Amino acid sequence: MLNMSIDNLIRANIRRLTPYSSARSEYKGRADIFLDANENPFDTGYNRYPDPLQWKVKDKIAKLKGIGREKIFLGNGSDEVIDLLIRIFCEPREDHIIILPPTYGMYRVSADIADVAVREVPLSARFQPDVEAVLKAADEHSRLLFLCSPNNPTGNSFSLEAIGQLAKGFPGITAVDEAYIDFSAQASALSLLDQYPRLVVMQTFSKAWGLAGIRLGMAFASEEIIGLFNKVKPPYNVNQLTQEAVLKALDNRKQKEQWVQSLLGQRTLLAQYLSGLEFVERIHPSDANFLLVKVTEPRRIYDFLVEQGIIVRDRSRVALCEGCLRITVGTPEENEKLFRALVEF
Ligand SMILES: *Cc1c(COP(=O)(O)O)cnc(C)c1O
């Protein structure tokens, strides 16, 4: 199969597109008086449009990750990154994406909204990608391969070797979703970026950083791919409040690291607690901040916990996750309460 250049993978309308040119992107220098964007001139702290390319934020992330700032895109959550990838690379009703279920639901929803078909190549019983089967399922209309590692809802990581093999052999764009990478014992696929020009690595501030409410996702890729994101994104997709909040968090990295350490300790403890319960059949190994737990009566346990004011995620009707509940690791107090409720059950 011929290895496609990125230019050949872009939808024709996107290649031809003249992007919107905002006032802030046309004049970038300093000035005393800005009368170019129809803003309200009275200072509210937020009367000006934000930096469309969020350079202050990117400079900090670049330093943290050891990657050039031109290789970073920031979106309104990873969900915007997923949506943009599909809109840049997939021609509706012609091209398709490949996903490896059971996995994160947004890949399919974004594809469905865009009227782009989805090919599924299920994970193995041990939740690993079948590299050969994925490459066999790919053809010239396979534009995107989504790999979620650590995977939601199974919690395990894929080996960097398998990710590399897929990135090498897949003819389209391979997007590795690393929403849970901060909790993982395995290294990030960021180290593979220089080797594979069609690789995109996605991360987020929604999990370990404790900032799901500000909606900020990251994509790391070649400058060519980042340029495409910037061409297609809404001009001011990351608002001023979000940019300020994340700058503050990035200056307080220790806090994030403390939370991660605490959650990893709690994950181990919770797994120990749960393994002693009679109705728990299996606790899947987790590289994330949640546990996928196979139980004898998932629906009854779910309903019982709801009555106690504790909500977990019922994944028992998802193929390969039969009988499983997905339980997020909470604070020590929350985990204790969960455990006590389960003992009562
Ligand atoms: C939670 C999660 C995200 C986060 O999405 P945001 O839009 O950044 O909040 C992305 N991917 C996966 C697999 C997730 O579980």
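Structure shown above.
What counts as what
Residues numbered from 1 in each chain as written. Predicted model: local features only at pLDDT ≥ 70, side-chain atom pairs only at ≥ 80, totals over all residues. Heavy atoms only, no water. 1 Å grid on protein atoms, 1.4 Å probe; cavity = no way out; pocket = protein on both sides within 12 Å on 5 of 7 lines; lining within 4 Å. Points joined across faces, edges and corners; volume = space filled by probe spheres on them. Helix = DSSP H or I, 4+ residues; strand = E, 2+ residues; numbered from the N terminus. Nonpolar A, V, L, I, M, F, W, Y, C, P; charged D, E, K, R; others polar. Domains from an automatic or database assignment. Near = heavy atom within 4 Å. Polar contact = N/O pair within 3.5 Å; in protein donor to acceptor, adjacent residues only side chain to side chain. Areas by Shrake-Rupley, 256 points an atom, 1.4 Å probe, with all protein chains shown as cover. Sits in = over half its atoms within 2 Å of the grid points. Pairing = 2+ DSSP bridges. Axes fitted to C-alpha atoms, helices over the stretch in contact; angles between N-to-C directions. Phe/Tyr/Trp six-rings, centres within 6.5 Å; stacked < 30°, edge-to-face > 60°. Buried < 20%, exposed > 50% of the residue type's maximum accessible area, 1.4 Å probe, protein only. Lys NZ or Arg CZ within 6 Å of the ring centre and 35° of its normal. Salt bridge = Lys/Arg side-chain N within 4 Å of Asp/Glu carboxyl O. Parallel < 35°, antiparallel > 145°, perpendicular 65-115°, else oblique. Contact = heavy atoms within 4.5 Å. Right-handed = clockwise from strand over helix to strand, strands pointing away.

(A) Region of the structure containing the layout of surface pockets. Estimated volume of the largest pocket: approximately 920 Å³. In terms of lining residues, the largest pocket is bounded by 45 residues, among which Tyr104, Asn152, Tyr180, Lys207 and Arg326 are the most central. Of all the elements in the fold, those that place two or more residues in the lining of the largest pocket are helix H5 (78-89), helix H6 (106-113), helix H11 (253-275), strand E11 (324-328) and helix H13 (332-344). In the lining of the largest pocket, the residues fall into 22 nonpolar, 13 polar and 10 charged. Composition of the lining of the largest pocket by domain shows at least three residues from each of domain 1 (7-251) and domain 2 (254-344). For the lining of the second largest pocket, the element with the most residues is helix H10 (residues 240-250), which contributes 4 residues.

(B) Main features of the site of the ligand. Contacts to the ligand come from 13 residues, most closely from Tyr180, Thr204, Ser206, Lys207 and Arg215. Backbone polar atom of Asp79 to an oxygen atom of the ligand: 3.1 Å apart, as the coordinates give it. Between the ligand and Thr204 there is a distance of 2.7 Å, counted from an oxygen atom to a side-chain nitrogen or oxygen. In the complex, 93% of the free accessible area of the ligand, which totals 390 Å², lies under the protein chains. Mapping the ligand onto the cavity grids shows that it belongs to the largest pocket. Its residues assigned to classes, the shell around the ligand shows 4 nonpolar, 5 polar and 4 charged.

(C) Region of interest: the sheet that holds strand E7 (residues 217-220). Ordered in space as E1-E7-E6-E5-E4-E2-E3, the 7 strands form an open sheet in which the pairing is mixed. Among the strands making up the open sheet, the edge pair consists of strand E1 (72-75) and strand E3 (117-120). Across the sheet, the mean angle separating the axes of adjacent strands is 25° when strand polarity is ignored. Bridge count between strand E4 (residues 142-148) and strand E5 (residues 173-177): 5 bridges; the pairing is parallel. Across the sheet, residue Leu147 finds its bridge partner in E5, namely Val176.

(D) Examining the packing of aromatic side chains more closely. Scanning all chains against the criterion turns up 10 aromatic pairs. Both rings, one in Phe73 and one in Phe229, keep their centres 4.7 Å apart while their planes meet at 15°; by these two values the pair is stacked. Linking Phe73 in strand E1 with Phe229 in helix H9 (residues 223-232), this pair joins segments that are 156 residues apart in sequence. Of the two residues, Phe73 and Phe229, both sit in the buried class. Here the basic side chain of Arg24 rests over the ring of Phe34, its NZ or CZ set 4.8 Å away from the ring centre. Here the guanidinium or amino end of Arg326 rests over the ring plane of Phe290, the centre of that ring lying 5.6 Å away.

(E) The arrangement of the pattern of salt bridges in detail. Summed over the entire model, instances satisfying the criterion amount to 23 salt bridges. Across the salt bridge formed by Asp79 and Arg215, the nearest N and O atoms sit 3.8 Å from each other. Placement of Asp79 in helix H5 and of Arg215 in the loop between strand E6 (199-204) and E7 is noted, with a sequence separation of 136 residues between them. For Arg215, a relative accessible area of 30% translates into the label partly exposed. Ionic pairing is found between Arg253 and Glu257, a salt bridge with its closest N-O pair at 3.2 Å. Of this pair, Arg253 and Glu257 both sit in helix H11, 4 residues apart, which is roughly one turn of the helix. The class of Arg253 is partly exposed, set by a relative accessible area of 40%. The class for Glu257 is partly exposed, based on a relative accessible area of 34%.

(F) Up close: the packing of H5 against H9. At a closest axis distance of 10 Å, the pairing of H5 and H9 adopts a crossing angle of 95°. Considered as vectors, H5 and H9 are oriented roughly perpendicular to each other. Contacts between H5 and H9 involve Val81, Leu84, Leu85, Ile88 and Phe89 from the former and Leu228, Phe229 and Val232 from the latter. Of the residues belonging to the contact of H5 with H9, the class tally is 8 nonpolar, no polar and no charged.

(G) Examining the sheet that holds E11 more closely. Pairing in this open sheet of 4 strands is antiparallel, and the strands run E8-E9-E11-E10 from one edge to the other. This sheet does not close on itself; its edge strands, each paired only once, are strand E8 (280-283) and strand E10 (313-314).

(H) Looking closely at the pairing of E3. Pairing analysis gives 4 bridges linking strand E2 (residues 96-99) to E3, with the strands arranged parallel. Paired with Ile99 across the bridge in E3 is Glu120. The β-α-β motif built from E2, the intervening H6 and the parallel element E3 has right-handed crossover chirality.

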